[in-house]
Amino acid sequence: MNKVVTYFLVGLLILLLILIRAFEGDLFYDPYLTFFKNDYLYIDSPRREVAKLVLFTTLRFALNTIFSLGILYLIFKDRSIIKFSVLIYAIAYVLLLIPFLYFVINPNQEDYYLFFNIRRFLIQPIGLILLFPAFYYYKLNR
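Parameters and conventions
Residues numbered from 1 in each chain as written. Predicted model: local features only at pLDDT ≥ 70, side-chain atom pairs only at ≥ 80, totals over all residues. Heavy atoms only, no water. Salt bridge = Lys/Arg side-chain N within 4 Å of Asp/Glu carboxyl O. Helix = DSSP H or I, 4+ residues; strand = E, 2+ residues; numbered from the N terminus. Buried < 20%, exposed > 50% of the residue type's maximum accessible area, 1.4 Å probe, protein only. Core = buried A, V, L, I, M, F, W, Y, C linked by side-chain atoms within 4.5 Å. Contact = heavy atoms within 4.5 Å. Patch = residues over 30% accessible without salt bridge, like charges linked within 9 Å, V, L, I, M, F, W, Y side chains within 5 Å. Areas by Shrake-Rupley, 256 points an atom, 1.4 Å probe, with all protein chains shown as cover. Polar contact = N/O pair within 3.5 Å; in protein donor to acceptor, adjacent residues only side chain to side chain. Axes fitted to C-alpha atoms, helices over the stretch in contact; angles between N-to-C directions. Parallel < 35°, antiparallel > 145°, perpendicular 65-115°, else oblique. Left-handed = near helix turned anticlockwise from the far one by under 90°. Nonpolar A, V, L, I, M, F, W, Y, C, P; charged D, E, K, R; others polar. Expected span 1.5 Å × (residues − 1).

S.K.: Any chance you could explain the pattern of salt bridges here in plain terms?
M.R.: When charged atoms on two side chains of opposite charge get close, those side chains can pair. For the coordinates displayed, the defined rule picks out 4 salt bridges. In this structure, the salt-bridge partner of Lys-139 is Asp-78, at a minimum N-O distance of 3.5 Å. Of the two residues, Lys-139 is situated in helix α7 (residues 126-140) and Asp-78 in the loop between α4 (50-76) and α5 (79-105); the sequence distance between them amounts to 61 residues. Its relative accessible area of 29% is what places Lys-139 among the partly exposed residues.

S.K.: Help me out: how do you make sense of the nonpolar core in this one?
M.R.: As a rule of thumb, nonpolar side chains are buried together in soluble globular proteins. The biggest cluster of nonpolar side chains holds 34 residues, and the ones touching the most others in it are Leu-72, Phe-100 and Leu-122. Put simply, the parts of the chain that give this core at least two residues each are α1 (3-22), α3 (32-37), α4, α5, α6 (112-123) and α7. In this view, Phe-100 contacts Leu-53, Val-54, Thr-57, Phe-115, Ile-118, Arg-119 and Leu-122; residues no more than four positions away in its chain are not counted.

S.K.: What's the story with a nonpolar patch on the surface in this structure? I'm lost.
M.R.: Together, Phe-8, Leu-12, Ile-14, Leu-15, Ile-18, Leu-19, Phe-23 and Leu-27 give the surface a local cluster of nonpolar side chains, amounting to about 730 Å² of exposed area. No other element matches α1, which puts 6 residues into the nonpolar patch. By the element assignment, Leu-27 lies in helix α2 (residues 24-27).

S.K.: Quick question: what am I supposed to make of the side chain of Ser-85 here?
M.R.: Mapped onto the elements of the fold, Ser-85 is located in helix α5. The class of Ser-85 is buried, set by a relative accessible area of 0%. At 2.8 Å, the side chain of Ser-85 forms a polar contact with the backbone oxygen of Ile-81. Contact partners of Ser-85, with chain neighbours within four places excluded, come to Leu-69, Leu-72, Leu-131 and Phe-135.

S.K.: Even after reading the chapter, I still don't get the packing of α5 against α6, so can you show me in this structure?
M.R.: For any two helices packed against each other, the geometry is given by the interaxial angle and the distance between the axes. In the contact formed by α5 and α6, the axes pass within 9 Å of each other and the chain directions differ by 140°. Here α5 lies oblique to α6, going by the angle between them. Along this stretch, α5 crosses α6, giving a crossing that reads as left-handed. Along its contact with α5, which presents Tyr-93, Leu-96, Leu-97, Pro-99, Phe-100, Phe-103 and Val-104, the element α6 presents Leu-114, Phe-115, Ile-118, Arg-119, Phe-121 and Leu-122. Of the residues belonging to the contact of α5 with α6, the class tally is 12 nonpolar, no polar and 1 charged.

S.K.: I keep staring at α7 and nothing clicks. Help me out?
M.R.: Along an α-helix, a turn takes 3.6 residues, which lines up residues three or four apart on a common side. Taking 1.5 Å per residue as the helical rise, α7 with its 15 residues ought to reach 21 Å, and the 22 Å between its terminal C-alpha atoms agrees with that figure. Residues of α7 that are buried include every one of Ile-126, Leu-128, Leu-131 and Phe-135, and no others. Contacts from the buried residues of α7 go to α1, α4, α5 and α6.

Take a look at the structure:
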């Protein structure tokens, strides 16, 4: 694949990640968006529909994962990296969804900060931010 096309596709996938973030309020059901923008340490947890929240959080995680995997593939062009990344994303999803559900079902003010960070890993492309430098270093030293 031509480098110009590769750079264009990487830019397009990054733009899609940015658009997910920019239009998160319109695209996804998440009552915690406004909750965490306010002074959440002093207010009660918002009313929420647990199944709908988990579904939309999963959808957002899946979209971020697909776009992130596309970026990793276009940059490194190595299927073994993608297979490993899929495994990392799948394990991360399961391990993060369990405490996410716990905090959604049992909201306690003292747990809000931890919940905020777990939710952040699920709804933002932090996996890409962590995996990209790791794979770059791996490729550099291989």
